[in-house]
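# Close look at the chain arrangement
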Amino acid sequence: MEDFLKWIKNTFDTNLPNDYLQFLLSYDESSVVGKVFQFFENEKLTSTDIHYFFKIGKNKMNCIEWNYNNYLSEDIIPAFFLPIAEDSGGNLICLSMDVENYSRIYFVLHDSFEMTYFFVANSFSEWCSKMYSQQINRQNDESNTIYTFKKYGSEIYSNGITKDSSNVDVSE
């Protein structure tokens, strides 16, 4: 952890926001698998899931530092974005480390031809408070399977299910 925090300080000239640091210290992967959150993408309310959070480390594809260096070198993220998670489509969830937008959360499209990102929340804590678990009700008809996701506040379900949000009706 100490090496990681030094890397953060050297890379961004600041420390991690306390709420995200506390999350890293007590991270339990099963508590976030399948969680869903919403944000506005070009004025359209969009939903996506959290496939997994990146971990502390240097040389593994699921590590924060490796992903930062990889996506920065591919011009997918600006230098002040710290990738912290990924959705099931491979898109990034990033923590802003610059002075002006410090601690804000952004959703980053990884397959766009230009850097494309959307504001999600003012802080890691705010973002977490907006996450919800999903329960699926299925209706089969001859042509299609219809999935309806329902919100369940901050309850934790270990059997998270992901589905392309373009085929999903998110309702309360």
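The next subject is helix H2 (residues 18-26). Taken residue by residue, H2 has Tyr-20, Leu-21, Phe-23 and Leu-24 as its buried positions. Here the buried residues of H2 occupy an arc of 155 degrees about the axis, which is enough to place them on one side. Within H2, the exposed residues directed more than 90 degrees away from the buried face are Asn-18, Leu-25 and Ser-26. Against the buried residues of H2 lie helix H1 (2-12), strand E3 (52-53), helix H3 (64-73), strand E4 (81-86), strand E5 (92-96) and helix H4 (124-130).

The next subject is unusual backbone geometry. As a rule of thumb, non-glycine residues mostly have phi less than zero, and peptide bonds are mostly trans rather than cis. Of note, Asp-13 is a non-glycine position whose phi angle comes to about 55 degrees, a positive value. Following the sequence through the fold, Asp-13 ends up in the loop between H1 and H2. Owing to a relative accessible area of 64%, Asp-13 belongs among the exposed residues under this scheme. Phi is positive for Asn-42, close to 50 degrees, though the residue is something other than glycine. With respect to the helices and strands, the residue Asn-42 is situated in the loop between strand E1 (36-41) and strand E2 (44-49). Classification of Asn-42 by relative accessible area gives exposed; the value is 64%.

Here H1 crosses H3 at 25 degrees, and the two axes come no closer than 11 Å. Of the possible angle classes, the one that applies to H1 and H3 is roughly parallel. Mapping the contact onto sequence places Phe-4, Trp-7, Thr-11 and Phe-12 in H1 and Ile-64, Glu-65 and Tyr-68 in H3. A per-class count over the contact of H1 with H3 returns five nonpolar, one polar and one charged.

If you trace the five strands from one edge of the open sheet to the other, you get E3-E4-E5-E6-E7, paired in antiparallel fashion. Both outer strands of the open sheet, E3 and strand E7 (116-121), are each paired with one neighbouring strand and no more. Sheet topology note: the strand E6 (residues 105-109)/E7 ladder contains five bridges and is antiparallel. Of the residues in E7, the one forming a bridge with Phe-107 is Phe-118. Across the face of the sheet, H3 comes into contact with E4 and E5 while running at roughly 115 degrees to E4.

Here is what the cut-offs are and how they apply
Residues numbered from 1 in each chain as written. Predicted model: local features only at pLDDT ≥ 70, side-chain atom pairs only at ≥ 80, totals over all residues. Heavy atoms only, no water. Buried < 20%, exposed > 50% of the residue type's maximum accessible area, 1.4 Å probe, protein only. Helix = DSSP H or I, 4+ residues; strand = E, 2+ residues; numbered from the N terminus. Arc of directions from axis to C-beta. Contact = heavy atoms within 4.5 Å. Axes fitted to C-alpha atoms, helices over the stretch in contact; angles between N-to-C directions. Parallel < 35°, antiparallel > 145°, perpendicular 65-115°, else oblique. Nonpolar A, V, L, I, M, F, W, Y, C, P; charged D, E, K, R; others polar. Pairing = 2+ DSSP bridges.

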